[in-house]
Amino acid sequence: MTTQHPEPISLHDDLIIKVSSLLMESIGSTRKVEVNLSSLPLDGDLVASGVSAGITLTRLNTGILATGSASGTVEMQCVRCLNLFEQPFSVKFAEQFRQTTGVLDGKGFTPPHEDPEEDEGDGELAFEISDAHELDLTELLRQWILLSLPMNPICGKDCPGPETVTATDEGEIDARFAALQELLDNEAD
Ligand SMILES: [Zn+2]
């Protein structure tokens, strides 16, 4: 039996979902979750902004499968012109969260032995549901958004390219020298 909940769980600037009721339902039961975040720190100086995600949580015999997609922007530095710009991202993900504690007795919970051939994911179970039966989406979103970002971000097709530091020939003058020249011209007036 699969229980359907038409009303999605809505999270604003919060990434922790209480999943104890879902864990008491039968395998295959689902919850829809909508997430809106004003910002999410990723790595170093990288911060995702305006993140919106739609996630389906599905009850498995070993825990919960979280599948969905997320989009938003990350301020990045263009590798050519070195300007900061808003890099949009859109990413689809699927991750298992392993159940570690029984819901009713709170005692240690040993998930059923998994047949590696039936493993739907890539075999890397990095995520766990907390002992308080809370599922934290922070690390999932952080890792998947980071993976979606370009290694060599370019600000766009109108990228001015590398700044010319020195004049390459008589006719081409560095932008800073041009500004200086303008100042001198104005003073001469
Ligand atoms: Zn650029």
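Residues numbered from 1 in each chain as written. Predicted model: local features only at pLDDT ≥ 70, side-chain atom pairs only at ≥ 80, totals over all residues. Heavy atoms only, no water.

### Comments concerning the overall build of the chain
Okay, so step 1: The number of helices and strands found in the chain is three helices and eight strands.
Okay, so step 2: Ordered by position in the sequence, the α and β elements of the chain form the string β-β-α-β-β-β-β-β-β-α-α.
Okay, so step 3: Residues classed as buried in the chain amount to 33% of the 189 residues present.
Okay, so step 4: By element, 51% of the accessible surface of the chain is carried by carbon and sulfur atoms, the whole surface being about 11900 Å². (Helix = DSSP H or I, 4+ residues; strand = E, 2+ residues; numbered from the N terminus. Buried < 20%, exposed > 50% of the residue type's maximum accessible area, 1.4 Å probe, protein only. Areas by Shrake-Rupley, 256 points an atom, 1.4 Å probe, with all protein chains shown as cover.)

### Topic: the coordination of the zinc ion
Okay, so step 1: The protein atoms that coordinate the zinc ion are C78 (SG), C81 (SG), C155 (SG) and C159 (SG), at distances spanning 2.3 to 2.4 Å.
Okay, so step 2: Between consecutive donor residues of the zinc ion, the sequence gaps follow C-x2-C-x73-C-x3-C. Of the two residues, C81 is situated in the loop between β5 (63-77) and β6 (84-98) and C155 in the loop between α2 (138-148) and α3 (175-188); the sequence distance between them amounts to 74 residues.
Okay, so step 3: What makes C81 buried here is its relative accessible area of 11%.
Okay, so step 4: Residue C155 is classed as partly exposed on the basis of its relative accessible area, which comes to 29%. (Donors = N, O, S within 2.8 Å, 3.2 Å for Na, K, Ca; no water.)

### As for a negative patch on the surface
Okay, so step 1: A contiguous patch of negative charge on the surface is contributed by D13, D14, E134 and D136.
Okay, so step 2: The topology assignment puts D13 in the loop between β1 (9-12) and β2 (16-18). (Patch = residues over 30% accessible without salt bridge, like charges linked within 9 Å, V, L, I, M, F, W, Y side chains within 5 Å. Salt bridge = Lys/Arg side-chain N within 4 Å of Asp/Glu carboxyl O. Lys, Arg positive; Asp, Glu negative; His and termini not counted. Charge placed at Lys NZ, Arg CZ, Asp CG, Glu CD.)

### Thoughts on unusual backbone geometry
With the exception of glycine, most residues fall at negative phi, and the peptide bonds are largely trans.
Okay, so step 1: Although it is not a glycine, D13 adopts a positive phi angle of roughly 50°.
Okay, so step 2: The backbone of H133 sits at a positive phi, close to 60°, despite the residue not being glycine.
Okay, so step 3: By the secondary structure assignment, H133 is in the loop between β7 (127-128) and β8 (134-136).
Okay, so step 4: Judged by relative accessible area, which is 9%, H133 ranks as buried.

### Remarks on the sheet that holds β7
Okay, so step 1: With mixed pairing, the six strands of this open sheet are ordered in space as β1-β3-β4-β5-β6-β7. Edge positions in the sheet fall to β1 and β7, since each has one partner strand and no second.
Okay, so step 2: Of the strand pairs in this sheet, β1 and strand β3 (residues 30-43) are connected by four bridges, and their pairing is parallel. When the bridges of β3 are listed, S10 appears paired with E34.
Okay, so step 3: The strands that α2 touches are β3, β4 (46-59), β5, β6 and β7; relative to β6, the one it contacts most, it runs at about 130°. (Pairing = 2+ DSSP bridges. Contact = heavy atoms within 4.5 Å. Axes fitted to C-alpha atoms, helices over the stretch in contact; angles between N-to-C directions.)

### Looking at the nonpolar core
Okay, so step 1: Counting residues in hydrophobic clusters, the biggest one holds 37 residues, and the most contacted among them are V35, I55, L57, L137, L141 and I145.
Okay, so step 2: When contributions to this core are tallied by element, the ones reaching two or more residues are α1 (20-23), β3, β4, β5, β6 and α2.
Okay, so step 3: With sequence-adjacent residues up to four places away left out, L57 is seen in contact with I17, V19, L22, S29, T30, R31, V33, I64, L65, A66 and L135. (Core = buried A, V, L, I, M, F, W, Y, C linked by side-chain atoms within 4.5 Å.)

### Re the environment of A70
Okay, so step 1: Note that A70 resides in strand β5.
Okay, so step 2: When its relative accessible area of 2% is taken as the criterion, A70 is described as buried.
Okay, so step 3: For A70 and G54, which are 16 residues apart along the polypeptide, the C-alpha to C-alpha distance reads 6.6 Å.
Okay, so step 4: Apart from residues no more than four positions distant in its own chain, A70 is found in contact with S52, A53, F89, S90, V91, F93 and L141.

### Thoughts on α2
Okay, so step 1: Turning to α2, its buried residues are L140, L141 and I145. Projected down its long axis, α2 carries its buried residues within an arc of 115°, all on one side.
Okay, so step 2: Looking at the buried residues of α2, the elements they touch are β3, β4, β5, β6 and β7. (Arc of directions from axis to C-beta.)

From the geometry alone we can't say anything about function, so treat these as descriptive.
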